Amino acid sequence: MPIPTAPPETGPRRLLRDIAFEKMLAAIVDGTLEPGERLNDEELVKWLGVSRTPVREAIAQLHTYGLVEIEANRYTRVSARDDVVYAEAAQFLAGLHTLAREWGTHNLDTTTQKNLAKSLKTVTKQLKARDLAGPGALLDLQGELARASGNALFVGTEEPLRIRVNFLRPRDAEAYDWDALVAVADELAAAIND
């Protein structure tokens, strides 16, 4: 029996644990999986269409990001939002983003610089309109500068922390100092356009 040929894959192969992690992360961040919700391996296996091992590996990674709580032989659940943890994580992330601005802006190519400037205009409009998506988008733009730094250790520290801060950040417009956020966006625009 001849073996059928399949067209060659055009992209890089991806590990099942990475696919499971990305889907679970998106579900946690967008609220599909709510804070405090228990995570059942069997339900996750069915939902993600992978075996238990990639699910457990994804959960372990989400735990290192601070998005999942694990108590052996008791529960695995989505972390609850905590204002104290948020304040500490946001303060640390702000320091990292200061470094990202310093290190990343020097490594931007023209195309990336233009794309970031365009995205920053959109984010600034969101912030001025007090759109709750604005603070998260501002954090993600600063994450782009961290990636532009070219420092893998820095990126590996900034990304999980940024995701954690985005998860923990307030969902109430009154919790933000919108003028201060617009000022950060303006400073970022000046740094990118230098």
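Before reading further, recall that the structure is shown in the block above.
Not measured: the values here are computed from a predicted model.

### Here we look at helix 3 (residues 52-64)
A turn of α-helix holds 3.6 residues, and therefore any two residues three or four places apart point the same way.
And then number 1: Taking 1.5 Å of rise per residue, 13 residues should cover 18 Å, and helix 3 covers 19 Å from first to last C-alpha, within 8% of that figure.
And then number 2: Among all positions of helix 3, only Pro54, Val55, Ala58, Ile59 and Leu62 are buried. Seen along its axis, helix 3 keeps its buried residues to an arc of 140 degrees; they face one direction. Counted as exposed and oriented over 90 degrees from the buried face of helix 3: Arg52 and Thr64.
And then number 3: Buried residues along helix 3 sit against helix 1 (16-29), helix 2 (41-48), strand 1 (68-71) and strand 2 (75-78).
And then number 4: Positive backbone phi, at 85 degrees, marks Gly66, one or two positions downstream of helix 3.

### Observations regarding a negative patch on the surface
And then number 1: Among the surface-exposed residues, Glu34, Glu37, Glu42 and Glu43 lie close enough to one another that they form a single negatively charged patch.
And then number 2: With respect to the helices, strands and loops of the structure, Glu42 is situated in helix 2.
And then number 3: For Glu42, a relative accessible area of 62% translates into the label exposed.

### Concerning the pattern of salt bridges
And then number 1: Scanning the model with the defined rule gives nine salt bridges in all.
And then number 2: Measuring nitrogen to oxygen at the nearest pair gives 2.2 Å for the salt bridge that ties Glu22 to Arg14.
And then number 3: In this structure Glu22 comes out as partly exposed when scored by relative accessible area, which is 42%.
And then number 4: Note on Arg14: relative accessible area 44%, which makes it partly exposed.
And then number 5: The salt bridge involving Arg17 is made with Asp18; its shortest N-O contact spans 3.8 Å.
And then number 6: Classification of Arg17 by relative accessible area gives partly exposed; the value is 37%.
And then number 7: Each of Asp41, Arg52 and Arg56 takes part in a single network of salt bridges with overlapping partners.

### Structural notes on the nonpolar core
And then number 1: Ranked by size, the top nonpolar core spans 48 residues in total, and within it Met24, Ile28, Leu62, Leu67, Leu127 and Leu138 carry the most contacts.
And then number 2: Discounting residues that sit within four places of it in the chain, Leu127 has contacts with Gly134, Pro135, Leu138, Trp178, Leu181, Val182 and Ala185.

Rules and cut-offs
Residues numbered from 1 in each chain as written. Predicted model: local features only at pLDDT ≥ 70, side-chain atom pairs only at ≥ 80, totals over all residues. Heavy atoms only, no water. Helix = DSSP H or I, 4+ residues; strand = E, 2+ residues; numbered from the N terminus. Expected span 1.5 Å × (residues − 1). Buried < 20%, exposed > 50% of the residue type's maximum accessible area, 1.4 Å probe, protein only. Arc of directions from axis to C-beta. Contact = heavy atoms within 4.5 Å. Patch = residues over 30% accessible without salt bridge, like charges linked within 9 Å, V, L, I, M, F, W, Y side chains within 5 Å. Areas by Shrake-Rupley, 256 points an atom, 1.4 Å probe, with all protein chains shown as cover. Salt bridge = Lys/Arg side-chain N within 4 Å of Asp/Glu carboxyl O. Lys, Arg positive; Asp, Glu negative; His and termini not counted. Charge placed at Lys NZ, Arg CZ, Asp CG, Glu CD. Core = buried A, V, L, I, M, F, W, Y, C linked by side-chain atoms within 4.5 Å.

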